[in-house]
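Listed below are the residues making up each chain.
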Amino acid sequence: MSWRPQYRSSKFRNVYGKVASREHCFDGIPITKNVHDNHFCAVNARFLAIVTESAGGGSFLVIPLEQTGRIEPNYPKVCGHQGNVLDIKWNPFIENIIASCSEDTSVRIWEIPEGGLKRNMTEAVLELYGHSRRVGLVEWHPTTNNILFSAGYDYKVLIWNLDIGEPVKMIDCHTDVILCMSFNTDGSLLATTCKDKKLRVVEPRSGRVLQVRCSPRGAARDWGGTSIGSLVNKVLFAVAQEDLSMPLIEEEIDGLSGLLFPFYDADTHMLYLAGKGDGNIRYYEIGSEKPYLSYLMEFRSPAPQKGLGVMPKHGLDVSACEVFRFYKLVTLKGLIEPISMIVPRRSETYQEDIYPMTPGTEPALTPDEWLSGVNRDPILMSLKEGYKKTSKIVFKAPVREKKSVVVNGIDLLENVPPRTENELLRMFFRQQDEIRRLKDELSQKDIRIRQLQLELKNLRNSPKNN
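Reading the values: rules and limits
Residues numbered from 1 in each chain as written. Predicted model: local features only at pLDDT ≥ 70, side-chain atom pairs only at ≥ 80, totals over all residues. Heavy atoms only, no water. Helix = DSSP H or I, 4+ residues; strand = E, 2+ residues; numbered from the N terminus. Buried < 20%, exposed > 50% of the residue type's maximum accessible area, 1.4 Å probe, protein only. Contact = heavy atoms within 4.5 Å. Areas by Shrake-Rupley, 256 points an atom, 1.4 Å probe, with all protein chains shown as cover. Core = buried A, V, L, I, M, F, W, Y, C linked by side-chain atoms within 4.5 Å. Phe/Tyr/Trp six-rings, centres within 6.5 Å; stacked < 30°, edge-to-face > 60°. Lys NZ or Arg CZ within 6 Å of the ring centre and 35° of its normal. Pairing = 2+ DSSP bridges. Axes fitted to C-alpha atoms, helices over the stretch in contact; angles between N-to-C directions. Polar contact = N/O pair within 3.5 Å; in protein donor to acceptor, adjacent residues only side chain to side chain. UniProt positions renumbered as here; feature names shortened; annotations may be inferred. Salt bridge = Lys/Arg side-chain N within 4 Å of Asp/Glu carboxyl O. Patch = residues over 30% accessible without salt bridge, like charges linked within 9 Å, V, L, I, M, F, W, Y side chains within 5 Å.

Trainee: With reference to specific residues and values, describe the overall build of the protein chain.
Mentor: If you tally the helices and strands in the protein chain, you get 2 helices and 34 strands. Expressed as a percentage of its 466 residues, the buried residues of the protein chain come to 50%. In the protein chain, 51% of the contacts between residues at least 6 apart in sequence involve partners at least 24 apart. For the protein chain, the exposed surface amounts to about 24,100 Å²; the carbon and sulfur share of it is 51%.

Trainee: Let's hear about the nonpolar core: which residues, and what values?
Mentor: Residues Ile-29, Leu-48, Phe-60, Ile-112, Tyr-327 and Ile-336 are the most contacted members of the largest nonpolar core, which totals 34 residues. A per-element tally of this core places strand β4 (residues 47–52) first, with 5 residues. Contacts of Ile-112, omitting those with residues within four sequence positions, involve Phe-47, Val-62, Val-78, Trp-90, Asn-96, Ile-98, Leu-117 and Met-121. In this structure, Met-270, Ile-281, Leu-308 and Tyr-355 belong to the second largest nonpolar core, which totals 24 residues.

Trainee: Can you explain unusual backbone geometry? Please cite residues and give values.
Mentor: With a phi angle near 55°, Phe-40 is a residue other than glycine that sits in the positive phi range. With relative accessibility at 1%, the residue Phe-40 sits in the buried group.

Trainee: Please provide a residue-by-residue account of the packing of aromatic side chains, values included.
Mentor: The description of two aromatic rings rests on the distance between their centres and on the angle between their planes. The tally for this structure, following the rule as stated, stands at 11 aromatic pairs. Their ring planes at 80° and their centres at 6.3 Å tell us that Phe-60 and Trp-110 sit as a pair that is edge-to-face. In this pair, Phe-60 sits in strand β5 (residues 58–64) while Trp-110 sits in strand β10 (residues 106–111), placing the two residues 50 residues apart along the sequence. Judged by its relative accessible area of 0%, Trp-110 is buried. Plain terms: the ring middles of Tyr-350 and Tyr-355 are 5.7 Å apart, the flat faces sit at 20° to each other, and that makes the pair stacked. The class for Tyr-355 is buried, based on a relative accessible area of 4%. Sitting over the ring of Tyr-153, Arg-134 keeps its end group 4.2 Å from the ring centre.

Trainee: If you had to explain the sheet that holds strand β9 (residues 97–102) to someone new, which residues and values would you point to?
Mentor: Here we have 4 strands laid out as an open sheet, ordered β8-β9-β10-β11, and antiparallel in their pairing. Sheet topology places β8 (85–90) and β11 (126–129) at the edges, where each strand pairs with a single neighbour. Each strand of the sheet is rotated relative to its neighbour by a mean of 20°, with strand direction disregarded. Where β8 meets β9, 5 bridges bridge the pair, whose relative direction is antiparallel. Bridging across to β9, Lys-89 finds its partner in Ala-99.

Trainee: Explain the side chain of Arg-200 residue by residue, including any values.
Mentor: By secondary structure assignment, the location of Arg-200 is in strand β18 (residues 198–203). We classify Arg-200 as buried; its relative accessible area is 4%. Within the structure, Arg-200 has its side chain in polar contact with the backbone oxygen of Cys-173 (distance 3.5 Å).

Trainee: A description of the UniProt feature "coiled-coil region" (unreviewed entry) in the protein chain should follow, citing residues and the corresponding values.
Mentor: The sites that UniProt annotates as "coiled-coil region" (unreviewed entry) are residues 435–462. The span residues 435–462 is 96% helix and 0% strand, and its two end C-alpha atoms sit 40 Å from each other.

Trainee: Summarise the sheet that holds strand β27 (residues 293–299); cite the residues concerned and give the values.
Mentor: Spatial strand order, β24-β25-β26-β27: 4 strands in an open sheet with antiparallel pairing. This sheet does not close on itself; its edge strands, each paired only once, are β24 (260–265) and β27. With strand direction ignored, the average angle separating the axes of adjacent strands in the sheet is 25°. Where strand β26 (residues 281–286) lies against β27, 6 bridges are found, and the strand directions are antiparallel.

Trainee: Talk me through the pairing of β4; I want residue IDs and the actual numbers.
Mentor: Consecutive side chains along a regular strand alternate between the two faces of the sheet. Of all 6 residues in β4, 6 are buried, a share of seventy percent or more. Side-chain alternation along β4 places Phe-47, Ala-49 and Val-51 on one buried face and Leu-48, Ile-50 and Thr-52 on a second face that is also buried. Strand direction decides the pairing type here: strand β3 (residues 41–43) and β4, joined by 3 bridges, are antiparallel. Among the inter-strand pairings, Ala-42 is bridged to a residue of β4, identified as Ala-49. Where β3 folds back onto β4 in an antiparallel hairpin, the turn is made up of 3 residues. Sheet analysis places β4 next to β5, joined by 6 bridges and oriented antiparallel. Counted as the bridge partner of Leu-48 is Ile-63 from β5. Hairpin remark: β4 followed by β5, antiparallel, with 5 residues in the connecting loop; positive phi at Gly-56, about 70°.

Trainee: I'd like to hear about the pattern of salt bridges, residue by residue, with values.
Mentor: Tallied over the entire structure, the rule returns 21 salt bridges. A salt bridge links Arg-46 to Glu-114, with the shortest nitrogen-to-oxygen separation between them at 3.0 Å. Linking Arg-46 in the loop between β3 and β4 with Glu-114 in the loop between β10 and β11, this pair joins segments that are 68 residues apart in sequence. Looking at Arg-46, the relative accessible area reads 24%, which means it is partly exposed. Between Glu-298 and Arg-282 there is a salt bridge; the shortest N-O distance is 3.7 Å. Residue Glu-298 is located in strand β27, and its partner Arg-282 is located in strand β26; the two are separated by 16 residues in the primary sequence. Here Arg-282 falls in the buried class, since its relative accessible area comes to 15%. Where salt bridges share partners, they join Glu-434, Arg-437, Glu-441 and Lys-445 into one cluster.

Trainee: Residues and numbers for a nonpolar patch on the surface, please.
Mentor: A surface patch of nonpolar side chains, about 300 Å² in accessible area, is lined by Leu-425, Phe-428 and Phe-429. Under the relative-accessibility criterion, Leu-425 is labelled partly exposed at 40%.

Trainee: Describe the environment of Phe-60, and please don't skip the residues or the numbers.
Mentor: The class for Phe-60 is buried, based on a relative accessible area of 0%. Placed 17 residues apart in sequence, Phe-60 and Lys-77 show a C-alpha to C-alpha distance of 5.7 Å. Those residues in contact with Phe-60 that sit more than four places away from it in its chain are Ala-49, Ile-50, Val-51, Thr-52, Lys-77, Val-78, Val-85, Ile-88, Ile-98, Ser-100 and Trp-110.

The following block contains the structure:
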């Protein structure tokens, strides 16, 4: 029998990346130079948020998606944090609510007004303090409204119930800095990766570690539904969720530099692979049978990326057969560049085979239901009919009584003491600026007092008074 090559049929075999034209990019943005391993970008169907470079605290921009082109240098910012902002994430169910975390050990919830910011925003609707060191990651629960996870450099993961504004659970099973958090489809399991080179699958409500995988090369970065993609030192491996001990497939990745970030699309079963500091994006298709992972193609670009934001499914352009969209941060140019991944089709009608039912903007559970042990799959929506629907859920910040702990006349809850040398220096310089301002104000008042005294003296000595 003569040998014949085997060709694998796939509807995504010819997916290609299309960069938006310059007028549809976001230009003139002072993207942060922080070296923290994160994307520094979050996007939803209405807004684009980017962490920016700033002096004296942390800030990020929030720009309406239709406001493309050059952004003015004095564009309003969200600038309430006292330390560098390390991560930002949009609420999946309320499109104008965004969570941020910072080196100042706080997690803050911000409500963006309709139409975007008109002036700098310094007051968050909710400030959450529970970590003893800086907070590097935040993640919203995929099916439950107002449940937020935060991971700090104190090696702890806190679960916040935003209905009451308090932490309700703490996961304390890590021995080093947590690098990544990712949920399965219904949010009943949490996969974490850690600097101790271990991948853990945790039951978040109990904090119980169900499985651990030790890797000599490093730790995983993302979880794709029923499989886990692990990318460290240019090695990609996938393991079954039920058994982490043996990888289903392991593949060397060549030609990508820096830290590798995976993005898994559960609707198309495609895995996108991007390198930090690299301009290329590789994509694969994941299957349930051997060979499990099939290489599709590579998007090439000479401009290196610092991070990538991903548009939710309901924000894609289905008329153009767009199945994924990145927002690429190009630090050297101060540019945010949309990249659309498109399935080439001749027809402009809705393509049902590439747009299955997808998680929508309605939560499946309340915080109390999830905390009581209920699991529920996300509420699905069709992109054909419902992808323009806006959620009617409104965020209501809890009303908390003002507490005080006064020691030597200082309210310790109102004046959080510095925990690091950098925080101490920032606080010192702020106090110096405040002292200088008060001295100037006092000097001006002294001059005014003298002027009033002279005027009073002149009035007394005037001939009319005699």
